[in-house]
Amino acid sequence: MHAMSRTRIIRIATRSSPMALAQAEHVAALLAGLGVDSELVKVTTAGDRWMGDLSKLGGKGAFVKEIDLALQSDQADLAVHCLKDIPGDIPVPEGLAFAGYLAREDVHDAVISASGARLADLPEGTVVGTSSVRRKAQLNLHFPHLTVKPLRGNVNTRLARLEEGHVDVLIAAVAGLHRVGQEHRITEILDLDTMCPPVGAGVIALECRADDAWLLDVGGELDHPETHRHADAERAMLHALQGHCNSPIAGYATTDPAGRLTLHGKVFSSDGTRWLDAKHWGVPEDPQALGFFVGADLLRQGARALIDSIPH
């Protein structure tokens, strides 16, 4: 990257949860490595303030809207988002653009069980806390003997609820537990067939104003091309499905040893009793084509009726 054309401190907009701050500080350190100074601008989002059902909040981007607004109103220059929190069926807000995607972290979900037992070995009626419709559907499908109870809050809040005995078990993203230094709590890591991840799992997206050419360049320096391709394929699938925030949709892209892209997508009913599955291969040069193809296959199998049957 060329030497900076002007002295500029990048204002990074971030949620104030421990995990969001850890992500923003990670980005600040990467910027420092490029010789770019930054400062954090903390934003409390509607999703952070509201502890009820996210769908009642309009669900769509409950954690990203205010941060996007901070960019649009020039109170910040760069947003650090978990890609999985960004709705897939609506375009990036007017005047904003993705500057890059950091290298993907672990996409698995982990079990944290108060008793130290694995999900399959827990007794009938054990209470699992999660507000994720994707996790709930797959828990109902694979572990019907467990009782799923809604549990919102950042990962630290949810760990506290487990300690207080509100729930017996938590399901949390391995990447998130790593970011807040709680990976030692993991009882079991679920395989991807048992718990398919959300689109964009483990990916941190950098967003800025579309006319900020210099910052787009900086974001390009931090961009991880393979992660970018995987994210583009997954988001194209999500866009094709036009899912809402109550749709249990899961999927992840990988690159196989021959260099081909693969994308595995799944759509579930809320209770996990019905589910659709599609897996296809494509060329790395056109990840969107693969995403739309997998989305079209799921629609051909009846995904539209499955998604639309869920209240939102």
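Residues numbered from 1 in each chain as written. Predicted model: local features only at pLDDT ≥ 70, side-chain atom pairs only at ≥ 80, totals over all residues. Heavy atoms only, no water.

Named according to an unreviewed UniProt entry, the protein is Porphobilinogen deaminase originating from Nocardia bhagyanarayanae. Of the comments in the UniProt record for the protein, the one headed Catalytic activity (unreviewed entry) reads "4 porphobilinogen + H2O = hydroxymethylbilane + 4 NH4(+)". Its UniProt record, at the heading Pathway (unreviewed entry), says of the protein: "Porphyrin-containing compound metabolism; protoporphyrin-IX biosynthesis; coproporphyrinogen-III from 5-aminolevulinate: step 2/4." (UniProt positions renumbered as here; feature names shortened; annotations may be inferred.)

Student: What's the story with the packing of helix α8 (residues 225-241) against helix α9 (residues 287-300) in this structure? I'm lost.
Tutor: To characterise two packed helices, one gives the angle between the axes of the helices and the distance between these axes. Relative to each other, α8 and α9 sit at 35°, their axes nearing to 7 Å. Crossing hand, α8 versus α9: right-handed. Contact with α8, carried on its side by Arg229, Asp232, Ala233, Ala236, Met237, His239, Ala240 and Leu241, involves Pro287, Gln288, Gly291, Phe292, Val294, Gly295, Leu298 and Leu299 of α9 and no other residues of that element. (Axes fitted to C-alpha atoms, helices over the stretch in contact; angles between N-to-C directions. Helix = DSSP H or I, 4+ residues; strand = E, 2+ residues; numbered from the N terminus. Left-handed = near helix turned anticlockwise from the far one by under 90°. Contact = heavy atoms within 4.5 Å.)

Student: Explain the environment of Ala79 here, please?
Tutor: Structurally, Ala79 can be placed in strand β3 (residues 78-82). Along the primary structure Ala79 and Arg235 are separated by 156 residues, whereas in three dimensions their C-alpha atoms are 19 Å apart. Residues contacting Ala79, with those up to four places away along its chain left out, are Ala13, Ile67, Leu71, Ala205, Leu206 and Glu207.

Student: Teacher, can you tell me more about the side chain of His280 here?
Tutor: Considering the arrangement of structural elements, one finds His280 in strand β13 (residues 275-282). When residues no more than four places from it in sequence are discounted, the contact partners of His280 are Leu261, Thr262, Leu263, Leu290, Phe293, Val294 and Asp297.

Student: Teacher, can you tell me more about the state of the cysteines here?
Tutor: Defined simply, a disulfide is a covalent bond joining two cysteines at their sulfur atoms. Scanning the entire structure with this criterion turns up zero disulfides. As a non-bridged cysteine, Cys196 has Cys82 as the owner of its nearest cysteine sulfur, 18 Å distant. Cysteine Cys208 shares no disulfide, and the gap to the nearest cysteine sulfur, in Cys82, comes to 18 Å. (Disulfide = S-S within 2.5 Å.)

Student: Hey, could you run me through helix α3 (residues 65-72) in this one?
Tutor: The periodicity of an α-helix, 3.6 residues per turn, causes residues three or four positions apart to be oriented the same way. All of the buried residues along α3 are Ile67, Asp68, Ala70 and Leu71. Axial view of α3: buried residues confined to an arc of 155°, hence all on one face. Turned more than 90 degrees away from the buried face of α3, the exposed residues are Lys65 and Leu69. Tucked inside the fold, the buried residues of α3 contact β1 (9-15), β2 (37-43), β3, β4 (96-101) and β10 (204-209). The first or second residue beyond α3 is Asp74, which carries a positive phi of 60°. (Buried < 20%, exposed > 50% of the residue type's maximum accessible area, 1.4 Å probe, protein only. Arc of directions from axis to C-beta.)

Student: Sorry if this is basic, but what is going on with the pairing of strand β11 (residues 249-255) here?
Tutor: Put simply, side chains in a regular strand alternate between the two faces of the sheet. Of all seven residues in β11, five are buried, a share of seventy percent or more. Pairing analysis gives seven bridges linking β11 to strand β12 (residues 261-268), with the strands arranged antiparallel. Of the residues in β12, the one forming a bridge with Ala250 is Lys266. Hairpin geometry of β11 and β12 is characterised by an intervening segment of five residues between the two adjacent antiparallel strands and by a positive phi of about 90° at Gly259. (Pairing = 2+ DSSP bridges.)

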